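Chain by chain, the residues run as shown.
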Amino acid sequence: KAPQQVKDFANAPELRNLTDGENLYRTRCSSCHTIDGNKNKGIGPDLLGVNQKRDRTWLINWLRAPDKMLKEKDPIAIKLFNEYNQVVMPNMSLSQVDVMDLIKYMSEETDKVLGKNLKNKSLVTKNNESIVAKQGDVVAVMNSWIREAMPGAKVNGGYMTLINVNEKEVKLLSVYSDAFEKVEIHKMSIVDGMMEMAELSELVIPAGSQVHLKPGSTHLMLKRPNRDLVSGDVIGLVLTFSSGVSQKLNVIIANK
């Protein structure tokens, strides 16, 4: 017989080292969850941007003991349970270190997927629709919500991800809503060991990049609402940019 032609293992490609977080995702999560923006592929919700959508403390508690949160009737846990055919997420006995590794991986993977899609000018999908800047819009907006405040409260916080698919940076100068007397852009930072909050005169969104408005960081401060806003209400915002173009969007009130 003629000798077989076999490839030398010396020419084998070098294997990529998996981080602890990616290893956890592949072995514990990938059978039920995707992380590419398509919510209809997995048994459970897609995990792209979950670190932006959920409060960090809530996410840590959920990954450590989802069964406990369901038993305690956490409203978000109950909503997910009902939305995904009442399939119970198992308690995987993750340690605190495991959870932090997993959150770090999901955050890095989100940035990687969004960054890749930004270069292609085609962003992730949400509810089966492509998240792109509509004609006339300056930026694409993802995961927008306003925190439900206590009755009578004079301030609400607003959060979203602003995605710039253009080749030049854009500057957000102001935000207006007829549901509030005033809307300001604020940034939180540590100064001399103390948390301080300052109003920004503009918010720069670099070309081909994204800026996260999130709790404990840069966010919208919506002052003196015209009425008490409850979870499920939708209000309009108008974003005005340095180019003079204004962009309208509707944002939901959520209890997170």
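Notes on the structure in this doc start here.

Conventions adopted
Residues numbered from 1 in each chain as written. Predicted model: local features only at pLDDT ≥ 70, side-chain atom pairs only at ≥ 80, totals over all residues. Heavy atoms only, no water. Helix = DSSP H or I, 4+ residues; strand = E, 2+ residues; numbered from the N terminus. Contact = heavy atoms within 4.5 Å. Pairing = 2+ DSSP bridges. 1 Å grid on protein atoms, 1.4 Å probe; cavity = no way out; pocket = protein on both sides within 12 Å on 5 of 7 lines; lining within 4 Å. Points joined across faces, edges and corners; volume = space filled by probe spheres on them. Nonpolar A, V, L, I, M, F, W, Y, C, P; charged D, E, K, R; others polar. Buried < 20%, exposed > 50% of the residue type's maximum accessible area, 1.4 Å probe, protein only. Polar contact = N/O pair within 3.5 Å; in protein donor to acceptor, adjacent residues only side chain to side chain. Core = buried A, V, L, I, M, F, W, Y, C linked by side-chain atoms within 4.5 Å. Phe/Tyr/Trp six-rings, centres within 6.5 Å; stacked < 30°, edge-to-face > 60°.

## Examining the side chain of Thr218
Inspection of the secondary structure puts Thr218 in the loop between strand 9 (210-213) and strand 10 (219-225). Residue contacts for Thr218: discarding those within four places in its chain leaves Ile185, His186, Lys187, Leu200, Leu203, His212 and Leu213.

## Quick notes on the pairing of strand 5 (residues 170-176)
Of the pairings in the sheet, the one linking strand 5 to strand 8 (residues 203-205) comprises 3 bridges and is antiparallel in character. For Leu172, the partnering residue across the bridge sits in strand 8 and is Leu203. The sheet contact formed by strand 5 and strand 11 (residues 234-241) spans 4 bridges and is antiparallel. Counted as the bridge partner of Val175 is Leu239 from strand 11.

## As for unusual backbone geometry
The phi dihedral of Ser93 is positive, around 55°, even though this residue is not glycine. You can see Ser93 is positioned in the loop between helix 5 (75-83) and helix 6 (96-119). A positive phi angle, close to 55°, is found at Asn143, a residue other than glycine. For Asn143, the position within the fold is in strand 3 (residues 140-147).

## Examining the layout of surface pockets
Roughly 330 Å³ of volume is contained in the second largest pocket. Around the second largest pocket sit 16 residues that line it, and Asn51, Gln52, Arg54, Arg56 and Lys214 are the ones nearest its centre. Elements supplying a minimum of two residues to the lining of the second largest pocket: helix 2 (50-53), helix 3 (56-64), helix 6 and strand 3. Counting residues per element, the lining of the second largest pocket draws most heavily on helix 6, at 4 residues. Class assignment of the residues belonging to the lining of the second largest pocket gives a composition of 4 nonpolar, 4 polar and 8 charged.

## Description of the side chain of His33
Structurally, the position occupied by His33 is in the loop between helix 1 (20-29) and helix 2. The class of His33 is buried, set by a relative accessible area of 14%. Polar contacts involving the side chain of His33 include one to the main-chain carbonyl oxygen of Pro45, which spans 2.7 Å. Those residues in contact with His33 that sit more than four places away from it in its chain are Tyr25, Gly44, Pro45 and Leu47.

## What to know about empty space enclosed by the protein
For the structure on display, the rule yields 2 cavities of 30 Å³ or more. Quantified by volume, the largest cavity comes out at close to 60 Å³. Considering the residues around the largest cavity, the lining is formed by Gln52, Lys53, Asn143, Trp145, Tyr159, Met160, Thr161, His212, Leu213, Lys214 and Pro215. Those elements that place two or more of their residues in the lining of the largest cavity are helix 2, strand 3, strand 4 (155-163) and strand 9. Looking at the lining of the largest cavity element by element, the count peaks at 3 residues for strand 4.

## Focus on the nonpolar core
Core analysis: the largest hydrophobic core is formed by 27 residues, its most contacted members being Tyr25, Trp58, Trp62, Leu63, Leu102, Ile103 and Met106. Of all the elements in the fold, those that place two or more residues in this core are helix 1, helix 3, helix 4 (66-71), helix 5 and helix 6. In terms of residue count, helix 6 provides more of this core than any other element does, 6 residues in total. If near-sequence neighbours (up to four positions away) are discounted, Tyr25 is found in contact with Ser30, His33, Thr34, Ile35, Leu47, Leu102 and Tyr105. Counting 26 residues, the second largest nonpolar core, distinct from the first, contains Val138, Val139, Leu172 and Leu222.

## Some points on the packing of aromatic side chains
The relative placement of two aromatic rings is captured by the distance of their centres and the angle of their planes. Under the counting rule described, the total for this entry stands at 3 aromatic pairs. An angle of 40° between the planes, with centres 4.7 Å apart, marks the rings of Trp145 and Tyr159 as tilted. Here Trp145 is found in strand 3, whereas its partner Tyr159 is found in strand 4, with 14 residues between them in sequence. Residue class for Trp145 comes out buried when judged on its relative accessible area of 5%. When its relative accessible area of 8% is taken as the criterion, Tyr159 is described as buried.

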